[in-house]
Amino acid sequence: MAHASLCTDHPGWTDTESGRPYRMLSNERGSTWLASWDGHALDFMPITGNGSLPDLTYTHRQHLPQAAPRQLTNALSTLGTLVRISNPSLWDALCAAILRQGQSAPHAGRQLYRRLCTLYGPALESPLGTLHLAPTPKMLLSLPDHAFHKAKATVAQASLRSAAHTYLTHADSWKQLKGRKLVTALRSIHRIGTWTAAAATADYRGDFTLYPLHDFTLRSCAHNAAPDAGLPVEEEPFARQWTTWATTPGQLRTLTLATLAFGSHTPASTTRTR
């Protein structure tokens, strides 16, 4: 692979002291992996089970829309080919999206997700120490009110409980859905809106044509990449401008994913599995 970068938009990614990103992944069927990126390769270390490896999404800088501001595309082109791990757990994708919704700072949802996982999620031993997955739906439903207060997640408490209750009934059928059909299904959960449903679907399916374009993090990353490009600040004007530049699914997927990756990226050249 030519020059490439890893997209670490999911809040589960953490860096080692040397700056190597790593993350524990689960497919909800007993298989877990420690994924890591050493600046040259993406590595999957099986921790439990022997399930198929998570899917990868690739986007290439040549698919960035030419109509977008030159300052923006020049900045995003420095990332080269982008690699992103599609979340093998729909529940984790939904949980992460719920914890991000309504957060006014890009890193607030990341901190909230990590805290909830560390306090109440399943613990797995790895070469990097004890790591935690997101609490399962049954775990969340068993938590008392004060547990959410301890995790500083009271604002998401009702949404998480509603999602957990519905997920236990509908998860199997939801996992068969793709695209807008999955977004619509997740929106049927009480207290789950379009933003959360679309963000979770994009994470799970790796299809960033579905990502909510009025997202605060996306807008922040775009402005950081091109501070002098005169990008719209408000939600709706920004979303309209985004789709004016990116007129094909490939352009939209590449522009959105590259912008999200811009905030925290690492160069690499190969992908490997154990």
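Residues numbered from 1 in each chain as written. Predicted model: local features only at pLDDT ≥ 70, side-chain atom pairs only at ≥ 80, totals over all residues. Heavy atoms only, no water.

What follows deals with the packing of helix 1 (residues 70-77) against helix 11 (residues 249-262). Close contact between helix 1 and helix 11 brings their axes to 10 Å; oriented N to C, the two are set at 70 degrees. Taken together, helix 1 and helix 11 sit at an angle that is classed as roughly perpendicular. Where helix 1 crosses over helix 11, the two elements pack in a sense that is left-handed. Across from Leu72, Ala75 and Leu76 in helix 1, the residues of helix 11 making contact are Leu255, Ala258, Thr259 and Phe262. (Axes fitted to C-alpha atoms, helices over the stretch in contact; angles between N-to-C directions. Helix = DSSP H or I, 4+ residues; strand = E, 2+ residues; numbered from the N terminus. Parallel < 35°, antiparallel > 145°, perpendicular 65-115°, else oblique. Left-handed = near helix turned anticlockwise from the far one by under 90°. Contact = heavy atoms within 4.5 Å.)

For the rest of this paragraph, the subject is the pattern of salt bridges. Following the criterion strictly, the structure yields 7 salt bridges and no others. Between Asp145 and Arg161 there is a salt bridge, with its nearest N and O atoms 2.9 Å apart. With Asp145 in helix 5 (residues 145-150) and Arg161 in helix 6 (residues 154-174), this residue pair connects regions lying 16 residues apart in the sequence. On the accessibility criterion, Asp145 (49% relative accessible area) is partly exposed. A salt bridge links Asp207 to Arg253; its shortest N-O distance comes to 3.9 Å. Highlighted residues: Asp207 in the loop between helix 8 (194-205) and helix 9 (216-225) and Arg253 in helix 11, separated in sequence by 46 residues. Look at Asp207 and you get partly exposed, because its relative accessible area is 21%. The partly exposed category is assigned to Arg253, whose relative accessible area is 26%. (Salt bridge = Lys/Arg side-chain N within 4 Å of Asp/Glu carboxyl O. Buried < 20%, exposed > 50% of the residue type's maximum accessible area, 1.4 Å probe, protein only.)

Moving on, we come to the nonpolar core. If you look at soluble globular proteins, the nonpolar side chains tend to sit buried side by side. By size, the foremost hydrophobic cluster in this structure holds 68 residues, and its most contacted members are Leu160 and Trp242. Per-element accounting of this core gives the leading share, 9 residues, to helix 2 (residues 90-100). Leave out the neighbours within four places in its chain, and Trp242 touches Leu72, Leu213, Leu218, Ala222, Leu252, Leu255, Thr256 and Thr259. Formed by 11 residues, the second largest nonpolar core is a distinct cluster that contains Leu25, Trp33, Ala35 and Ile85. (Core = buried A, V, L, I, M, F, W, Y, C linked by side-chain atoms within 4.5 Å.)

The next point concerns the packing of helix 9 against helix 10 (residues 235-245). Relative to each other, helix 9 and helix 10 sit at 70 degrees, their axes nearing to 11 Å. Taken as axis vectors, helix 9 and helix 10 run roughly perpendicular relative to one another. Read as a crossing pair, helix 9 and helix 10 show a hand that is left-handed. Side by side, helix 9 and helix 10 meet where Leu218, Arg219 and Ala222 of the first sit next to Glu235, Phe238 and Trp242 of the second. Its residues assigned to classes, the contact of helix 9 with helix 10 shows 4 nonpolar, no polar and 2 charged. (Nonpolar A, V, L, I, M, F, W, Y, C, P; charged D, E, K, R; others polar.)

Another aspect to go through is the state of the cysteines. The final tally for this structure, using the stated rule, is 0 disulfides. Of all cysteine sulfurs in the structure, the one in Cys95 sits closest to Cys117, which takes part in no disulfide; the separation is 6.5 Å. (Disulfide = S-S within 2.5 Å.)

This next bit is on the pairing of strand 3 (residues 21-26). Of all the 6 residues making up strand 3, 6 are buried; the element is thus mostly covered by neighbouring parts of the structure. Residues Pro21, Arg23 and Leu25 line one face of strand 3 and the alternating positions Tyr22, Met24 and Ser26 line the opposite face, and both faces are buried. With 2 bridges joining them, strand 2 (residues 14-15) and strand 3 adopt antiparallel strand pairing. Within strand 3, the position partnered with Asp15 by the bridge is Pro21. Between strand 2 and strand 3, which pair antiparallel and follow one another directly, the connecting turn spans 5 residues, one of which, Gly19, has a positive phi of 90 degrees. Here strand 3 runs beside strand 4 (residues 32-37); their pairing, made up of 5 bridges, is antiparallel. Across the sheet, residue Arg23 finds its bridge partner in strand 4, namely Ala35. Counted between consecutive antiparallel strands, the loop separating strand 3 from strand 4 contains 5 residues, among which Glu28 sits at a positive phi close to 70 degrees. (Pairing = 2+ DSSP bridges.)

Purely geometric stuff here, so don't read any function into it on its own.
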